[in-house]
Amino acid sequence: MLVTSADNAHNRKWAIVVASLIAIAGCLLATLSLWWLALLPIAAGVFYVMRRKTRRRFHVLAQPFPDVWEATLQSQVEYFRKLSPQQQERFRNLMKVFLDEVAITGIRTDIDESIRALVAASAVIPILGFDDFEYSGLGEVLIYPGSFDEQYQTNDSADARTLGMVGVSHLSGVMILSKPSLVTGFSNASDKRNVGIHEFAHLVDKEDGVIDGVPPTVDAQTYDPWVRWVGEELRRDVGNGEHIDDYAYTNEAEYFAVLSEYFFEAPAILEKKNPRLYQMMKAMYHQNPKRILGSGPRRRRKRVGRNSPCPCGSGEKFKRCCKRKSMRGIAS
């Protein structure tokens, strides 16, 4: 997903080679028939197609990271704040590419840059450990003003209980997220719930073509133990006092998605409750959230006051640093 200078140069080199071969073939064959000169514009089109994505991403990555996105990450996304500087830079770059290529659209609700940043953070957290991962097929994330029902309608009825979903059939390539639930997912640091991470975990699962609770990132060593574990979990009677949310026991796909929320929100608790399960999740995501977030108790994120020290660590008051940047970004 990320493009370095070397990647860009390599792509440009091969685009030139392929386009040149097509053009040369057209010129040589034109001695037999002038119709072969049609290969010249085709060569130009091939060059454009081969260069388009790489060139655009290279340009996007060269742009400065918007202040409002940085302010949102620093004040609302603990996972980002706990990363090393190198990993934070990778996080920012993945966000740039994601937000350039995936539309974030509000449905009967306003969307500002802070909400866009939270959607992107939800997308980046699950894939941060992968060398090169694409949310292939995802073109748009719809933000709803609240929960919705099976007809994607938001109302006050008891049926409007869905907080997020990955579209299928005519909605393939679309994700829907409840705006309040998206924000709430980042406001409590250890409640094991984050609807954004949940839905993007489904897309990680879907990369092999099917949402079945077995992501393509699983290695041969983990595959059999994971499949057996999930099968046994779904067959047993679930009682009160489970440390895993009941919704996980709906099916294999939901088990993986719910565990993904748990894994990134409260990794120390998951490892303590079930070290084997934690190791399997760590192997599938190529990440160790416990090492990132630490093993100490984590509480609900406190509201940052105007005169509090800015969470970005600048030494400035919040009102003079990230709050000001965030408001400037929203106003623009």
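Conventions and cut-offs
- Residue numbers restart at each chain and count upward from 1, following the sequence in its written direction.
- The model is predicted, so local features are restricted to residues of pLDDT at least 70 and side-chain atom pairs to those at 80 or more, both for listing and for counting; the totals for chains, interfaces and linings are taken over all residues.
- Each side-chain value is worked out from all heavy atoms of the structure, with water and hydrogens disregarded.
- Ring pairs shown here join Phe, Tyr and Trp side chains whose ring centres sit within 6.5 Å, with only the six-membered ring taken for Trp; geometry is labelled stacked below 30 degrees between planes, edge-to-face above 60, and tilted in between.
- Segments assigned H or I by DSSP are reported as helices when at least four residues long, segments assigned E as strands when at least two residues long, and all are numbered from the N terminus.
- Think of it in three bands: with a 1.4 Å probe and only protein chains considered, a residue is buried below 20% of the maximum accessible area for its type, exposed above 50%, and partly exposed in between.
- A helix is expected to reach a length of 1.5 Å times the quantity of its residues less one.
- Two N or O atoms count as a polar contact when they lie within 3.5 Å, although within protein this holds only if one can serve as hydrogen donor and the other as acceptor, and sequence-adjacent residues are included solely when both atoms are side-chain atoms.
- A contact between two residues is defined here by any heavy atoms of the two lying within 4.5 Å.
- Two strands pair under a simple rule: DSSP has to find at least two bridges between them.
- Known as pLDDT, the predictor's per-residue confidence is scaled from 0 to 100.
- Salt-bridge detection follows one rule: a side-chain nitrogen of Lys or Arg within 4 Å of a carboxyl oxygen of Asp or Glu.
- Grouping into patches uses exposed residues only, defined as over 30% relative accessible area, and leaves out salt-bridged ones; the cut-off is 9 Å for like charges and 5 Å for nonpolar side chains (Val, Leu, Ile, Met, Phe, Trp, Tyr).
- Here the Shrake-Rupley method, with its probe set to 1.4 Å, supplies the accessible areas, and only the displayed protein chains count as covering residues.

## Thoughts on the packing of aromatic side chains
Phase 1: The full count for this structure, using the stated rule, is 18 aromatic pairs.
Phase 2: Between Phe 256 and Tyr 285 the ring centres are 5.7 Å apart and the planes differ by 15 degrees, which places this aromatic pair in the stacked class. With Phe 256 in helix α10 (residues 252–265) and Tyr 285 in helix α12 (residues 275–285), this residue pair connects regions lying 29 residues apart in the sequence. Pair check on accessibility: Phe 256 and Tyr 285 agree, each one buried.
Phase 3: Taken together, a centroid distance of 5.0 Å and an interplanar angle of 70 degrees make the contact between Phe 264 and Tyr 285 edge-to-face. Placement of Phe 264 in helix α10 and of Tyr 285 in helix α12 is noted, with a sequence separation of 21 residues between them.

## As for helix α6 (residues 113–127)
Phase 1: Between its first and last C-alpha, α6 extends 21 Å over 15 residues, near the 21 Å set by a 1.5 Å rise per residue.
Phase 2: Between a side-chain oxygen at the N-terminus of α6 and the backbone nitrogen of Ser 114 the separation is 3.0 Å; the capping residue is Asp 112.

## Regarding the environment of Ile 143
Phase 1: By the element assignment, Ile 143 lies in strand β2 (residues 140–144).
Phase 2: Separated by 24 residues in the primary sequence, Ile 143 and Val 119 place their C-alpha atoms 9.3 Å from one another.
Phase 3: If we ignore the near neighbours within four places in the chain, the residues touching Ile 143 are Ile 104, Thr 105, Gly 106, Ile 107, Thr 109, Ile 111, Ile 115, Val 119, Leu 177 and Lys 179.

## Description of the pairing of strand β4 (residues 174–178)
Phase 1: With respect to burial, β4 is a largely interior element, five of its five residues being buried.
Phase 2: Side chains Val 174, Ile 176 and Ser 178 project from β4 onto one buried face, and the interleaved Met 175 and Leu 177 project onto a second face that is buried too.
Phase 3: With five bridges connecting them, β2 and β4 associate as parallel partners. Looking at β4, one finds that Leu 142 is bridged to Ile 176.
Phase 4: Relative to β4, strand β3 (residues 164–166) runs antiparallel, the two sharing three bridges. Opposite Gly 164, over in β4, you have Leu 177 as the bridge partner.

## Observations regarding the confidence of the model for the protein chain
Phase 1: Per-residue confidence for the protein chain averages 88 on the pLDDT scale, and 87% of its residues sit at or above 70.
Phase 2: Across residues 327–332, where pLDDT falls below 50, the model places five contacts with residues more than four positions away in sequence or in other chains.

## Focus on the pattern of salt bridges
Phase 1: Taken as a whole and assessed by the stated rule, the structure comprises 11 salt bridges.
Phase 2: Its salt-bridge partner being Lys 82, residue Glu 78 comes within 3.1 Å of it at the nearest N-O pair.
Phase 3: Classification of Lys 82 as partly exposed rests on a relative accessible area of 39%.
Phase 4: Across the salt bridge formed by Asp 245 and Arg 193, the nearest N and O atoms sit 2.8 Å from each other. In this pair, Asp 245 sits in the loop between α9 (220–235) and α10 while Arg 193 sits in the loop between α7 (179–187) and α8 (195–206), placing the two residues 52 residues apart along the sequence.
Phase 5: On the accessibility criterion, Asp 245 (30% relative accessible area) is partly exposed.

## Regarding a nonpolar patch on the surface
Phase 1: On the surface, a cluster of nonpolar side chains totalling about 290 Å² of accessible area is made up of Trp 14, Val 17 and Leu 21.
Phase 2: Here Val 17 shows up in helix α1 (residues 5–29).

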